[in-house]
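Chain by chain, the residues run as shown.
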Amino acid sequence: MEHAGKHALVTGGGSGIGAGIALALAQAGAEVTITGRRADKLQEVASLSPRLHAVVMDVDDEASVRDVIAQAASARGPIQICVANAGIAEGGPFEKTTLAQWRKTMTTNLDGVFLTFQAAMATLEDATPARMIVISSIAGVRGLKNAIPYTVTKHGVIGLIRGLSEEFMRRPITFNALCPGYVDTDIVRNQLPGLMKRFVLDEQGAIDVVAKGNRHRKLLEVDETTAAAMWLCSDGARSVNGQTIQISGGQVS
C-alpha cells in the first residue's frame, strides 16, 4: 500500500490505458479521480473500486480542467500523482488534413496535457512529492505515416516533460513520458473495420497488420503500460526525471 492516502488524477480514465492505471493505483491504496467526457464509461470503471471517483471533464475546455481539478483536490487532497492520458488518434494523408483537424488534435493532445499538469501542480505545496506522467506514444519518438497531427502532439508532450523536469529540478516532483506502441485498446480496435475493408482481410488479418507496428509484431497489453506507470509512481523511481520510456517490443531509437 505504498500509495495509501495519496490522491491521484488520471485523465481519459474511462477505458484502455487510463482505466488500467487508475485501477492499479486504487488497488495500491490511492484515492483516484478519473476524468473523461463519457459519464457512463467513467462510472463503469469507478464501480470496480470504492477508491475510484468519476468526474466528467473535457481537457479541451480550460475552465472545465481548472475547476474539476481544484474541486477534486479540495475533496481528496493535493494531486501527488497525475497521469495525463486523455487524447485522440485520427489518421489520414497529410495533404487531406484540414486545419480544423490539426487544431482539434493539438487542443486535445497537447493543450490538454499542459492544462492538466498546470492545474494539478497548483494543488501542491513546494515540498510535496509528486509524479507527473504523460502517456505519449511510440509516435513521439519516430514518425508515423498518415497521422501527422498525432505524431506532432506526441513529440510535443515529450518536449513538455523535458522542459518541466528542468524547471522544477530542485523540487521533489518528477515528469516522465510513457511511449507505448500499438496496445490492444478500443482506439486500436476501432481501426480494424477500415483495415479489413481496405485490404480485404478478416479481423485477425487486420490485427496482424496493426501489430507489425510493434517490433515483436504483437499487440501490447494494457497491463504492460500500467506496470511502467506504477514503477514511475514508486519511491524507487524518485530520481527518474525527464525520461521517455518506450514500450514497443524492441528497440526503436
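Every value quoted in this text rests on a predicted model; they were computed, and no experiment measured them.

**Here we look at the pairing of strand 6 (residues 173-180)**
Then, number 1: Among the eight residues in strand 6, eight count as buried, and that is most of the element.
Then, number 2: Of the two faces of strand 6, both are covered, the one formed by I173, F175, A177 and C179 as well as the one formed by T174, N176, L178 and P180.
Then, number 3: Across six bridges, the pairing between strand 5 (residues 130-135) and strand 6 is parallel. Among the inter-strand pairings, M132 is bridged to a residue of strand 6, identified as F175.
Then, number 4: As defined by bridge partners, strand 6 adjoins strand 7 (residues 243-247) across five bridges and the pair is classed as parallel. Pairing of C179 across the sheet is with Q246, part of strand 7.

**Notes on the pattern of salt bridges**
Then, number 1: Inspection of the entire model under this criterion finds seven salt bridges.
Then, number 2: With its nearest N and O atoms 3.2 Å apart, the salt bridge here joins D40 to R38.
Then, number 3: Residue classification places R38 among the partly exposed positions, given a relative accessible area of 48%.
Then, number 4: Among the charged side chains, a network of salt bridges with common partners joins R37, D58, D60 and K104.

**Concerning the domain arrangement of the protein**
Then, number 1: Split by domain assignment, the protein resolves into domain 1 (7-181 + 221-245) and domain 2 (184-219).
Then, number 2: Distance between the C-alpha centres of domain 1 and domain 2: 25 Å.
Then, number 3: Taken together, the contacts link eight residues of domain 1 with seven residues of domain 2.
Then, number 4: It is A89, R142 and E221 in domain 1 that bury the most area against domain 2; as a group they hold 48% of the surface buried on that side.

**Section: helix 2 (residues 39-46)**
Then, number 1: Among the residues making up helix 2, those that are buried are L42, V45 and A46. Each buried residue of helix 2 lies within a common arc of 100 degrees when the element is viewed along its axis, so the set occupies one face.
Then, number 2: Those residues of helix 2 that are buried are in contact with helix 1 (16-27), strand 2 (31-36) and strand 3 (52-56).

**Quick notes on the packing of aromatic side chains**
Then, number 1: By the definition in use, this model includes two aromatic pairs.
Then, number 2: With centroids separated by 6.4 Å and ring planes inclined at 65 degrees, the aromatic side chains of F117 and F175 adopt a geometry described as edge-to-face. Pair noted here: F117 is in helix 4 (residues 99-121) and F175 is in strand 6, with a separation of 58 residues, a long-range link. The exposure classification of F117 matches that of F175, with both residues buried.
Then, number 3: Measuring from centroid to centroid gives 6.0 Å for F168 and F175, while their planes differ by 40 degrees, and the two rings are tilted.
Then, number 4: Through a chain of ring-to-ring contacts, the aromatic side chains of F117, F168 and F175 assemble into a single cluster.

**With respect to the environment of G77**
Then, number 1: With respect to the secondary-structure elements, G77 resides in the loop between helix 3 (62-76) and strand 4 (79-84).
Then, number 2: Residues G77 and V32 lie 45 residues apart in sequence; the distance between their C-alpha atoms is 11 Å.

**Re the side chain of T226**
Then, number 1: Following the sequence through the fold, T226 ends up in helix 9 (residues 222-233).
Then, number 2: Judged by relative accessible area, T226 falls into the buried class, the value being 10%.
Then, number 3: Setting aside residues no more than four positions away along its own chain, T226 makes contact with G20, I21 and A24.

Thresholds applied
Residues numbered from 1 in each chain as written. Predicted model: local features only at pLDDT ≥ 70, side-chain atom pairs only at ≥ 80, totals over all residues. Heavy atoms only, no water. Buried < 20%, exposed > 50% of the residue type's maximum accessible area, 1.4 Å probe, protein only. Helix = DSSP H or I, 4+ residues; strand = E, 2+ residues; numbered from the N terminus. Pairing = 2+ DSSP bridges. Salt bridge = Lys/Arg side-chain N within 4 Å of Asp/Glu carboxyl O. Domains from an automatic or database assignment. Contact = heavy atoms within 4.5 Å. Buried area = accessible area lost by both parts, 1.4 Å probe. Arc of directions from axis to C-beta. Phe/Tyr/Trp six-rings, centres within 6.5 Å; stacked < 30°, edge-to-face > 60°.

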